Amino acid sequence: MKKITPFLMFQGNAEEAMNYYTSLIEDSEITYISRYGANGPGEEGSVLQATFSLKGQEFMCIDSNIQHEFTFTPSFSLFITCESEEEINRLYENLTDGGGELMPLDHYGFSKKFGWLVDKFGVSWQLTLPN
C-alpha cells in the first residue's frame, strides 16, 4: 500500500469547493486537475479528477457524472486544530456561510472553543481550539 487519500465526490461544484477551501486555509493549493472533454461522459469542463492539499493533507475529488441520491454526511468530517481565537472564528464564520451549524462555536469542556458545521457544499468540519 502506497498511501490513503480522502476522496470527495461533488455534483458539479468540485472546482468551486477546492478554490474556496484553498483560499481559507493557509499553505493550501490545487495540485492537479483533469477535466471532462467534449465527448463526456461528464459535463464538458467539469472535474474528472483533481487533487488539492489543505495544510499538507492531500485530498482527491471529482464531479460525479452520475447524479446520486446521497451526498456528504456529518459522520465523516474534516477536523482542524486551530492555533488562535481569530483563526477559529474566521474559519467558522466563513465555513458556515451558506451552510449550517451542527454544534455552535462554544466551550464544551473538552476544548477551549469548538464548533461543528456543514459548509455550503455539504462537507462537514469540526474546528477546535485546544485548552
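Criteria and cut-off values
Per chain, residues are indexed from 1 in the order of the written sequence. Whole-chain, interface and lining totals are the exception, using all residues; otherwise, since this is a predicted model, local features are given only for residues with pLDDT of at least 70 and side-chain atom pairs are given and counted only at 80 or more. Side-chain calculation: all heavy atoms of the structure are included, whereas hydrogens and water are not. When DSSP locates at least two bridges between a pair of strands, those strands are taken to pair. Helix and strand definitions follow DSSP, with helices as H or I runs of at least four residues and strands as E runs of at least two, each counted in order from the N terminus. In this description, a line fitted to the C-alpha atoms serves as the axis of each element, helices being fitted only across the stretch in contact, and the angle between N-to-C directions of two axes falls anywhere from 0 to 180 degrees. Throughout, a residue-residue contact means that at least one pair of heavy atoms, one from each residue, lies within 4.5 Å. Exposed residues in this analysis have more than 50% of their type's maximum accessible area, buried residues have under 20%, and partly exposed residues fall in between, with area computed by a 1.4 Å probe over protein chains only. Nitrogen and oxygen atoms within 3.5 Å of one another constitute a polar contact, given that in protein one can donate a hydrogen and the other can accept it, and given that sequence-neighbouring residues count only through two side-chain atoms. For the purposes of this section, nonpolar cores are sets of buried Ala, Val, Leu, Ile, Met, Phe, Trp, Tyr and Cys residues that join through side-chain atoms within 4.5 Å. Centre distance within 6.5 Å is the pairing criterion for rings of Phe, Tyr and Trp, where only the six-membered ring of Trp is used; planes under 30 degrees apart are then read as stacked, over 60 as edge-to-face, and the remainder as tilted.

An unreviewed UniProt entry lists the protein chain under the name 3-demethylubiquinone-9 3-methyltransferase (Glyoxalase superfamily), with Rossellomorea pakistanensis as the source organism.

**Notes on the sheet that holds strand E6 (residues 100-106)**
Pairing is mixed across the open sheet formed by four strands, whose spatial order is E5-E8-E7-E6. The open sheet has two edge strands, strand E5 (77-81) and E6, and neither has a second partner. Geometrically, the sheet is characterised by an average inter-axis angle of 10 degrees between neighbouring strands, direction not taken into account. In the sheet, strand E7 (residues 113-118) pairs with strand E8 (residues 124-129) via six bridges, with the strands oriented antiparallel. Its bridge partner lying in E8, Phe114 is registered against Thr128. Packed onto the sheet, helix H2 (residues 85-96) meets E5, E6, E7 and E8 and runs at close to 20 degrees relative to E7.

**Some remarks on the pairing of strand E3 (residues 47-54)**
The element E3 is extensively covered by neighbouring structure, given that six of its eight residues are classed as buried. Between E3 and the antiparallel strand that follows it, strand E4 (residues 57-63), lie two residues; Lys55 among them carries a positive phi value of about 55 degrees.

**A short note on the side chain of Thr128**
Relative to the assigned elements, Thr128 resides in strand E8. Of the polar contacts made by the side chain of Thr128, one reaches the side chain of Ser111; its length is 2.6 Å. Once residues within four sequence positions are removed from consideration, Thr128 is found in contact with Phe79, Ile80, Thr81, Cys82, Ile88, Ser111, Lys113 and Phe114.

**Considering the nonpolar core**
Ranked by size, the top nonpolar core spans 28 residues in total, and within it Phe10, Tyr21, Leu95 and Trp125 carry the most contacts. Ranked by the residues each element gives to this core, the list is headed by helix H1 (residues 14-24), at six residues. Contact partners of Trp125, with chain neighbours within four places excluded, come to Tyr21, Ile25, Leu54, Ser77, Leu78, Ile80, Leu95, Gly115, Trp116, Leu117 and Asp119.

**Here's the deal with the packing of aromatic side chains**
Counted under the stated rule, the structure contains eleven aromatic pairs. Aromatic pair Phe52 and Phe59: ring centres 5.2 Å apart, planes at 15 degrees, arrangement stacked. Comparing Phe52 with Phe59, the two get one shared label, buried. Seen in terms of ring centroids, Phe110 and Phe114 are 5.1 Å apart; in terms of plane orientation they differ by 70 degrees. Their pairing is edge-to-face. Residue Phe110 is classed as exposed on the basis of its relative accessible area of 54%.

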